[in-house]
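# Inside the fold
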Amino acid sequence: MRSANPAFSDIVAAIGLAIGGAFGLAGTFVDSAELRETLWTIDGVALVVAAALLTMKYQRQGNDCVAAGFLTFVAGESLLLAGNAAGLQASVPSYVGGISLWAAALVMVSAPKTFALWMRLTAVVAAVLFIVSAGLILWGAPLLPTSAPLPAAGYPFLVLTFIGWIWTLLKSGR
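### Focus on the overall build of the protein chain
When helices and strands are tallied, the protein chain shows six helices and zero strands. Seen in sequence order, the protein chain has helices and strands lined up from the N terminus as α-α-α-α-α-α. Seen through its principal axes, the protein chain has C-alpha atoms that stretch 50 × 30 × 20 Å. By residue count, 47% of the 174 residues in the protein chain fall in the buried class. Counted over contacts in the protein chain with a minimum sequence separation of 6, partners at least 24 positions apart contribute 71%.

### Considering unusual backbone geometry
When glycine is set aside, most residues are seen to have a negative phi, and most peptide bonds are trans. Alanine 148 connects to proline 149 through a cis peptide bond whose omega is 5°. If you trace the backbone, proline 149 turns up in the loop between helix H5 (117-138) and helix H6 (154-170). In this chain, leucine 150 is followed by proline 151 through a cis amide linkage whose omega measures 5°. As for its position among the elements, proline 151 is in the loop between H5 and H6.

### Re helix H1 (residues 8-28)
Because the α-helix completes a turn every 3.6 residues, residues three or four places apart line up on one side. Across its 21 residues, H1 extends 30 Å between first and last C-alpha, which sits within 8% of the 30 Å expected from 1.5 Å per residue. Lining the buried residues of H1 we find helix H2 (33-60) and H6.

### As for the packing of aromatic side chains
Counted by the stated rule, this structure contains ten aromatic pairs. Through successive ring pairs, a cluster of aromatic residues spans Tyr58, Phe70, Phe73, Trp102, Phe115, Phe130, Tyr155, Phe162 and Trp165. Seen from the ring of tyrosine 58, lysine 57 lies directly overhead, with NZ or CZ sitting 5.9 Å from the centre.

### A short note on the pattern of salt bridges
Scanning the model with the defined rule gives one salt bridge in all. When the shortest N-O distance is used, the salt bridge between aspartate 10 and lysine 57 registers 3.0 Å. With aspartate 10 in helix H1 and lysine 57 in helix H2, this pair connects stretches of sequence that are 47 residues apart. Using a relative accessible area of 9% as the deciding quantity, one classes lysine 57 as buried.

### Focus: H5
Between its terminal C-alpha atoms H5 stretches 31 Å, which fits the 32 Å expected from 22 residues at 1.5 Å a residue. Residues of H5 that are buried: Met119, Arg120, Thr122, Ala123, Ala126, Ala127, Leu129, Phe130, Ser133, Ala134 and Ile137. Positive backbone phi, approximately 105°, marks glycine 140, located one or two places after H5.

### Let's talk about a nonpolar patch on the surface
Together, Ile11, Ile15, Ile19, Ile42 and Leu170 line one region of the surface with nonpolar side chains, adding up to about 370 Å² of accessible area. Considering every element that reaches the nonpolar patch, the biggest residue donor is H1, with three residues. Relative to the assigned elements, isoleucine 11 resides in helix H1.

### Examining the nonpolar core
With 39 residues, the main nonpolar core has Leu17, Phe130 and Trp165 as its most contacted residues. Elements with a contribution of two residues or more to this core: H1, H2, helix H3 (64-84), helix H4 (92-110), H5 and H6. The dominant element in this core, judged by the number of residues it contributes, is H4, at nine residues. In contact with tryptophan 165, not counting residues within four places along its chain, are Leu17, Phe70, Leu106, Val109, Phe115 and Met119.

### Describing the environment of tryptophan 167
Looking at the element boundaries, tryptophan 167 is found in helix H6. Look at tryptophan 167 and you get partly exposed, because its relative accessible area is 46%. Residues tryptophan 167 and alanine 14, spaced 153 residues apart in sequence, show a C-alpha to C-alpha distance of 8.2 Å.

Rules of the game
- Residues numbered from 1 in each chain as written.
- Predicted model: local features only at pLDDT ≥ 70, side-chain atom pairs only at ≥ 80, totals over all residues.
- Heavy atoms only, no water.
- Helix = DSSP H or I, 4+ residues; strand = E, 2+ residues; numbered from the N terminus.
- Buried < 20%, exposed > 50% of the residue type's maximum accessible area, 1.4 Å probe, protein only.
- Contact = heavy atoms within 4.5 Å.
- Expected span 1.5 Å × (residues − 1).
- Phe/Tyr/Trp six-rings, centres within 6.5 Å; stacked < 30°, edge-to-face > 60°.
- Lys NZ or Arg CZ within 6 Å of the ring centre and 35° of its normal.
- Salt bridge = Lys/Arg side-chain N within 4 Å of Asp/Glu carboxyl O.
- Patch = residues over 30% accessible without salt bridge, like charges linked within 9 Å, V, L, I, M, F, W, Y side chains within 5 Å.
- Areas by Shrake-Rupley, 256 points an atom, 1.4 Å probe, with all protein chains shown as cover.
- Core = buried A, V, L, I, M, F, W, Y, C linked by side-chain atoms within 4.5 Å.

If you want it as structure tokens, here you go:
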């Protein structure tokens, strides 16, 4: 039976997405390595928790593709989290793996018509930007997680997608 209010796990997932989006973007723009790694660690943990809860939510609803997408996002974020403390240059191998899994996850979550079209489009734009970034790095481009225009151009689209997911989680009766 559906309640008019969001479930506790939906609220926790929404908070995790909000923390992940805010701290992730903030970490991209700070100069201090220690502060960036701290912000990105908080971001990563929050996103893993949120995506794990979303995996369970959509699996219970029988939406296997979306659930698998969120599970794939957990794997990608875990790779990013694992490389975080190594510093920007040393984290590049786990970063490439992480954003590649992010891209796959975003496509999987967006393939079904579970979320509004604008959310699915922002997710696909982010996925394309991340996969192009990963390809450039694999082919020798000296890109770091903070490099602009790529991969930095993908982050705002990812955060817009998070905002959409948060809205979906918190709106009444969803």
